[in-house]
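The lines below spell out each chain.
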Amino acid sequence: MKAPEHAYPSAGQRVLSAMSGGVDSSVATLALAEAGFDVQGVTLKLFENEDACLAESKTCCSLKDAEDARQVCLEIGVPHYVFNFTKTFNREVIDRFCDGYLEGLTPNPCIDCNRYVKFAALQARRRELGFDYVATGHYARRGYNERTGRYELKCGVDGNKDQSYVLFHLDQDTLEHMLFPLGELTKPQVRAMAAEHGFANAKKSESQDICFVPDGDYARFIELRTGSRFEAGEIVDRSGTVLGTHGGLARYTVGQRKGIGVAAPEPLYVYAKDVEENRLIVDFDRNTLCTRILVRDANFIARAALEEPVELHVKAHYRQTARPATVEQVDEANLIVTFAEPQRACAPGQFAVAYDGDTVVCGGTIERVLA
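Remember, predicted model here, so these are calculated numbers, not experimental data.

Peer 1: So what's going on with the nonpolar core? Residues and values would help.
Peer 2: Counting residues in each nonpolar core, the largest one holds 50 residues, and the members touching the most others are Phe 89 and Phe 212. At the level of secondary structure, the elements contributing two or more residues to this core comprise strand E1 (14-18), strand E2 (38-45), helix H3 (86-102), helix H4 (109-129), strand E5 (140-145), strand E6 (150-155), helix H7 (218-226) and strand E16 (351-356). Non-local contacts of Phe 89, meaning those with residues more than four positions away in its chain, are made with Leu 46, Phe 47, Ile 94, Cys 113, Val 117, Cys 211 and Phe 212. Counting residues in each nonpolar core, the second largest holds 24 residues, with Met 19, Val 72, Tyr 133 and Leu 182 among its members.

Next comes the structure, spelled out in structure tokens:
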């Protein structure tokens, strides 16, 4: 079987390099230019009002960030453009974030931004403009498996920075037209390359907060945007005993320990949120662990499907180390994940991603805890 045209990138091919203004995307663009690609830097305008993003040191979308990206392109000697994706960002990221919290879920807007803006929308623009690839500064690797005839997504070599978890949604067509120039590099190497080339952002700090909520007050943001009000309600244990009062369900996440505000002989954790009754359900750590979860909207990368239950390693949230689990496909787009040992904070609305070694097999959205 002949490999697809874009299985093995070559110098001279045209690349749109997504640039946030940070050191990672800057060095990714540099690496592409030095490798001989015909590269064009692009920064995405995500807000109707630039004042929505004032915490420049913590976010990735300020006017200063766009200027940093433009300056890097000037120093490298490649073109730089700004694409206006404000409507897409509002619809696919901010609205999903608000709707998720209103439904009692724990959404991850950064993954939605990757999925619907940095990849889907930018890939559509790539096709319109006749470019071969989109490149980003993610710490991940992309390859082509001659045996299976499928593109694969692999962990970045820097285990501390690996971002394959947030890219589980990439389909075969997108992977065919993606480049991850930092996949074989470590963060110290990236900063060293930036410093060597005199980039002003060589020591720029990491983006930490959700860009459209720079002060971290999710509940206030959602209330202002949607007109909803998060009323106080009861904090109860799993038997229904009232333990205290919460300040609005959006201010809590599944697995949270600090800030619950209930005195107990041992720490309490958020177990679930009952939106209909406006109740926050808590329990002790040993009682909040889960062993089986239902995962919906599964996307398959290394394999087209799971014909039988498979022993893999699964991450149920970004900061977790992948844990041994059995993954079973129960229908076209749903999985049941059974962990070898109980896990904490399997939050509906978050994502579960399954790995075979350093290769992403599949992933999807956690629908609910089964046991």
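Peer 1: Before we move on, could you go through the environment of His 246 and cite the residues and values that matter?
Peer 2: Relative to the assigned elements, His 246 resides in strand E9 (residues 242-246). Setting aside chain neighbours within four positions, we find His 246 in contact with Glu 231, Ala 232, Gly 233, Glu 234, Ile 235, Tyr 252, Asn 278, Arg 279 and Leu 280. Separated by 2.9 Å, the side chain of His 246 and the backbone oxygen of Asn 278 make a polar contact.

Peer 1: Outline the environment of Glu 152, supporting the account with residue identities and numerical values.
Peer 2: Within the secondary structure, Glu 152 sits in strand E6. Since its relative accessible area comes to 10%, Glu 152 is described here as buried. Glu 152 sits 19 residues away from Asp 171 along the chain, and the two C-alpha atoms are 9.6 Å apart. Filtering out sequence-adjacent residues up to four positions away, Glu 152 remains in contact with Arg 141, Arg 142, Gly 143, Asn 145, Leu 175, Ile 301, Ala 302 and Thr 359. Here Asn 145 takes part through its side chain, which lies 2.9 Å from a polar atom of the side chain of Glu 152.

Peer 1: Which residues make up the packing of aromatic side chains, and what values go with them?
Peer 2: A complete count under the given rule lists 11 aromatic pairs for this structure. Ring centres 5.9 Å apart and planes at 50 degrees place the aromatic pair Tyr 165 and Tyr 318 in the tilted group. Separated by 153 residues along the polypeptide, Tyr 165 in the loop between E6 and helix H5 (172-176) and Tyr 318 in the loop between strand E13 (310-315) and strand E14 (323-331) bring together distant segments of the chain. According to the relative accessible area criterion, Tyr 165 is buried, its value standing at 0%. Following the ring pairs from residue to residue traces out a cluster consisting of Phe 89, Phe 97, Tyr 101, Phe 212, Tyr 218 and Phe 221. One residue, Arg 125, lies across the ring of Phe 83, its end atom 4.7 Å from the ring centre. Above the face of the Tyr 271 ring, Arg 238 is positioned so that its terminal group lies 3.9 Å from the ring centre.

Peer 1: Could you give an account of the pattern of salt bridges, with specific residues and numbers?
Peer 2: Considering all chains together, one arrives at 23 salt bridges under this definition. The residue Asp 173 makes a salt bridge to Arg 127 at a minimum N-O spacing of 3.8 Å. With Asp 173 in helix H5 and Arg 127 in helix H4, this residue pair connects regions lying 46 residues apart in the sequence. Classification of Arg 127 by relative accessible area gives partly exposed; the value is 48%. Between Glu 152 and Lys 154 there is a salt bridge; the shortest N-O distance is 3.4 Å. Lys 154 sits in the partly exposed class, given a relative accessible area of 21%. Salt bridges here are not isolated pairs; linked through shared partners, they connect Arg 141, Glu 152, Lys 154, Glu 184 and Asp 358.

Peer 1: Let's hear about the state of the cysteines: which residues, and what values?
Peer 2: Evaluated as defined, the whole model comprises 0 disulfides. Between Cys 155, a cysteine without a disulfide, and Cys 362, which holds the nearest cysteine sulfur, the sulfur-to-sulfur distance is 14 Å.

Peer 1: Which residues make up the sheet that holds strand E11 (residues 279-284), and what are the values?
Peer 2: One open sheet holds the 4 strands; their spatial order is E9-E8-E11-E10, and the pairing between them is mixed. Each of the sheet's edge strands pairs with one partner strand only, and the pair in question is E9 and strand E10 (268-274). When the angles between neighbouring strand axes are averaged without regard to direction, this sheet yields 30 degrees. With 6 bridges joining them, E10 and E11 adopt antiparallel strand pairing. Bridge pairing in E11 links Lys 273 to Leu 280.

Peer 1: Quick one: what's the story with the pairing of strand E12 (residues 290-300), residue by residue and with numbers?
Peer 2: Pairing analysis gives 5 bridges linking E12 to strand E15 (residues 334-343), with the strands arranged antiparallel. Bridge pairing in E15 places Cys 290 opposite Gln 343. Here E12 runs beside strand E17 (residues 359-369); their pairing, made up of 6 bridges, is antiparallel. When the bridges of E17 are listed, Phe 300 appears paired with Cys 362.

Peer 1: An account of the sheet that holds strand E4 (residues 133-135) is requested, with residue identities and associated values reported.
Peer 2: Reading across the sheet, the 5 strands line up as E3-E2-E1-E4-E7 and stay open at both edges, with parallel pairing between neighbours. Looking at the sheet topology across the chains shown, the edges are occupied by strand E3 (80-84) and strand E7 (178-179). In this structure, E2 lies alongside E3, joined through 5 bridges in parallel fashion. When the sheet's bridge partners are listed, Gly 41 is paired in E3 with His 80.

Peer 1: Run through the side chain of His 169, naming residues and quoting values.
Peer 2: With respect to the element layout, His 169 can be found in the loop between E6 and H5. Residues in contact with His 169, not counting those within four places in the same chain, are Ile 111, Asn 114, Arg 115, Phe 119 and Asn 299.

Peer 1: How would you sum up empty space enclosed by the protein? Please name residues and give values.
Peer 2: Counting across every chain of the model gives 1 cavity of 30 Å³ or more. Roughly 30 Å³ of internal volume is contained in the largest cavity. In terms of lining, the largest cavity is formed by Val 295, Val 314, Val 327, Leu 335, Val 337, Ala 352, Val 353, Ala 354, Cys 362 and Gly 363. Breaking the lining of the largest cavity down by element, the ones donating at least two residues are E15, E16 and E17. Broken down by element, the residue count for the lining of the largest cavity peaks at 3 residues, all from E16. Considered class by class, the residues forming the lining of the largest cavity number 9 nonpolar, 1 polar and no charged.

Definitions and limits used
- Residues numbered from 1 in each chain as written.
- Predicted model: local features only at pLDDT ≥ 70, side-chain atom pairs only at ≥ 80, totals over all residues.
- Heavy atoms only, no water.
- Core = buried A, V, L, I, M, F, W, Y, C linked by side-chain atoms within 4.5 Å.
- Buried < 20%, exposed > 50% of the residue type's maximum accessible area, 1.4 Å probe, protein only.
- Helix = DSSP H or I, 4+ residues; strand = E, 2+ residues; numbered from the N terminus.
- Contact = heavy atoms within 4.5 Å.
- Polar contact = N/O pair within 3.5 Å; in protein donor to acceptor, adjacent residues only side chain to side chain.
- Phe/Tyr/Trp six-rings, centres within 6.5 Å; stacked < 30°, edge-to-face > 60°.
- Lys NZ or Arg CZ within 6 Å of the ring centre and 35° of its normal.
- Salt bridge = Lys/Arg side-chain N within 4 Å of Asp/Glu carboxyl O.
- Disulfide = S-S within 2.5 Å.
- Pairing = 2+ DSSP bridges.
- Axes fitted to C-alpha atoms, helices over the stretch in contact; angles between N-to-C directions.
- 1 Å grid on protein atoms, 1.4 Å probe; cavity = no way out; pocket = protein on both sides within 12 Å on 5 of 7 lines; lining within 4 Å.
- Points joined across faces, edges and corners; volume = space filled by probe spheres on them.
- Nonpolar A, V, L, I, M, F, W, Y, C, P; charged D, E, K, R; others polar.

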